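Letter by letter, the chains look like this.
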Amino acid sequence: MQLLLIGIIFALNAILGGVIQIYSGYLGDKYGFKKVVVIFSFGSVVTLLLLFFTTQFVKISLLFVLLFLVNNIMSSIFQPSTNALLSLSSDTPLSGFSSLRVATNLGWALGPALGGVIVSIWGFPYLYLIAASASVIAFILYLLLVDIKPSQIFKRERMIVNDRNMLFFGISVVFLFVVVSQFSVTFSIYANKFIDMGLESIGFVYFINGIVVVIFQWPVYLLVKKMGMWNGMLTGTLLYVLGYFSMAMDHSLLQFFASMFIVTMGENFVTPTGNALVSRISGGKRLGSYMGLYNFFTSFGRAMGPAYGSLLLSTLKDPYYIWGLAVIPGGIAIIIFIFLKFYLKNYK
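The rules we used
- Residues numbered from 1 in each chain as written.
- Predicted model: local features only at pLDDT ≥ 70, side-chain atom pairs only at ≥ 80, totals over all residues.
- Heavy atoms only, no water.
- Helix = DSSP H or I, 4+ residues; strand = E, 2+ residues; numbered from the N terminus.
- Buried < 20%, exposed > 50% of the residue type's maximum accessible area, 1.4 Å probe, protein only.
- Areas by Shrake-Rupley, 256 points an atom, 1.4 Å probe, with all protein chains shown as cover.
- Axes fitted to C-alpha atoms, helices over the stretch in contact; angles between N-to-C directions.
- Parallel < 35°, antiparallel > 145°, perpendicular 65-115°, else oblique.
- Left-handed = near helix turned anticlockwise from the far one by under 90°.
- Contact = heavy atoms within 4.5 Å.
- Nonpolar A, V, L, I, M, F, W, Y, C, P; charged D, E, K, R; others polar.
- Patch = residues over 30% accessible without salt bridge, like charges linked within 9 Å, V, L, I, M, F, W, Y side chains within 5 Å.
- Salt bridge = Lys/Arg side-chain N within 4 Å of Asp/Glu carboxyl O.
- Expected span 1.5 Å × (residues − 1).
- pLDDT = per-residue confidence, 0-100.
- Phe/Tyr/Trp six-rings, centres within 6.5 Å; stacked < 30°, edge-to-face > 60°.

S.K.: Could you clarify how one ought to interpret the overall build of the chain in this entry?
M.R.: From N to C terminus, the chain includes 13 helices and 0 strands. When the elements of the chain are put in sequence order from the N terminus, they spell out α-α-α-α-α-α-α-α-α-α-α-α-α. Counting every position in the chain, which comprises 348 residues, the buried fraction comes to 51%. Roughly 16200 Å² of accessible area belongs to the chain as shown, and the carbon and sulfur atoms make up 71% of that amount.

Here it is as structure tokens:
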């Protein structure tokens, strides 16, 4: 029951963040992307400090959950605007999003490994204090951004994008991100509870994820540029399926390193390519709203993933059943992507 409760909290967190991003992208289109990023990134710093204070001194579970959700709201509001700024500032959005992933995954490479050490030495609350400190630095850098105004702002435009192509793409992304989101809750709980892997070791598996992105993201970008974005999405989804299913056979740290390598290569194909496809589908108009809608679909998939994975962990014991069922949505995504590759021929 406790595993299922954790999954439900993460699911609620992802759904809430996804719904908000539908509308938060519109805020960037209307009021300016930099303004939205600066205001709500500061709100994220405040909520992280409150999370530290709550976990260190107050220790009320309900208050922690509420602050956890509020912090997600803050980041959900400014994420579509950061993606829109990146897309508009780059001549080739796929290149821009690939470069961004290399930078962010330097943090991913160090964060989990460092987090495991911090928890072991000082305790869980200090994760939020360090996160708040890092967010302050990010806030200062956001202040230095050059604001790129949207080319067109329609005062009477609908807040929610009504685009059939975007809807079809979004549905496929939901299935994909159910598998993608096994990365957080499902993998860590499985490794700890089923394989008896310690927090430090789990942190080092996540470290592999960050390093693989830093080393291989740019070569993957060059490959996707040649093969086309739809083939890139198909390749990445297949690697996700193979990587997660291989975890059913893993019992040692080195084996999990190998599986995480495959998963991360899938991530290298999928993450920048998905954002670049949204930029292409939007035609450069209402980009914040399109990015917000895309983030809603990814968040909905991320919401279902932890709950689905926690349900599998709570009811099944055989690793092959757990991971076999976990990757089935990825197979559905592959089928839809094959259809979209031919249906949306103009977006390659």
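S.K.: What's the story with the packing of helix α7 (residues 185-194) against helix α8 (residues 199-227) in this structure? I'm lost.
M.R.: Two numbers describe a pair of packed helices, the interaxial angle and the distance between the axes. Close contact between α7 and α8 brings their axes to 10 Å; oriented N to C, the two are set at 140 degrees. With respect to α8, the element α7 is oriented oblique. In this structure, α7 crosses over α8, and the sense of that crossing is right-handed. The segment α7 lies against α8, with F187, S188, A191 and N192 engaging I202, V205 and Y206. The class makeup of the residues in the contact of α7 with α8 is 5 nonpolar, 2 polar and no charged.

S.K.: Help me out: how do you make sense of a nonpolar patch on the surface in this one?
M.R.: A grouping of F53, F57, V58, I60, L62, L63 and L66 is seen on the molecular surface, where their side chains present a nonpolar patch of about 660 Å² in accessible area. Broken down by secondary-structure element, the contributors of at least two residues to the nonpolar patch are α2 (33-58) and α3 (61-88). With respect to the helices, strands and loops of the structure, V58 is situated in helix α2.

S.K.: What exactly am I supposed to notice about helix α6 (residues 164-180) here?
M.R.: Because an α-helix packs 3.6 residues into every turn, residues spaced three or four apart end up facing the same way. In this model α6 runs 24 Å from its N-terminal to its C-terminal C-alpha over 17 residues, within 8% of the 24 Å that 1.5 Å per residue would give. For α6, a buried count of 12 out of 17 residues is recorded, marking the element as mostly surrounded by other parts of the structure. Within α6, burial applies to N165, M166, F169, G170, S172, V173, V174, L176, F177, V178, V179 and V180. Contacts made by the buried residues of α6 are with α9 (229-246), α10 (253-282), α11 (287-315), α12 (319-326) and α13 (328-343).

S.K.: When you look at the environment of G309 in this model, what are you seeing that I'm missing?
M.R.: Position of G309 among the secondary structure elements: in helix α11. Remark: the alpha-carbon pair of G309 and S181, spanning 128 residues in sequence, is separated by 8.9 Å. Once residues lying within four places of it in the same chain are set aside, the contact partners of G309 are Q182 and T186.

S.K.: Would you take a moment to explain the confidence of the model for the chain for this structure?
M.R.: Averaged over every residue, the pLDDT of the chain is 83; residues scoring 70 or more account for 85%. For residues 152-156, every residue scores under 50 in pLDDT, and the model assigns this stretch 4 contacts once sequence neighbours within four places are set aside.

S.K.: Whenever I open this one, the packing of aromatic side chains confuses me. Can you help?
M.R.: Aromatic rings considered in pairs are described by the distance between their centres and by the relative angle of their planes. According to the stated counting rule, one finds 25 aromatic pairs in the structure shown. Judged by centre distance (5.8 Å) and plane angle (5 degrees), the rings of F169 and Y294 are stacked. Here F169 is found in helix α6, whereas its partner Y294 is found in helix α11, with 125 residues between them in sequence. The class for F169 is buried, based on a relative accessible area of 0%. Taken together, the ring pairs in this structure connect Y190, F194, Y240, Y244 and W323 into an aromatic cluster.

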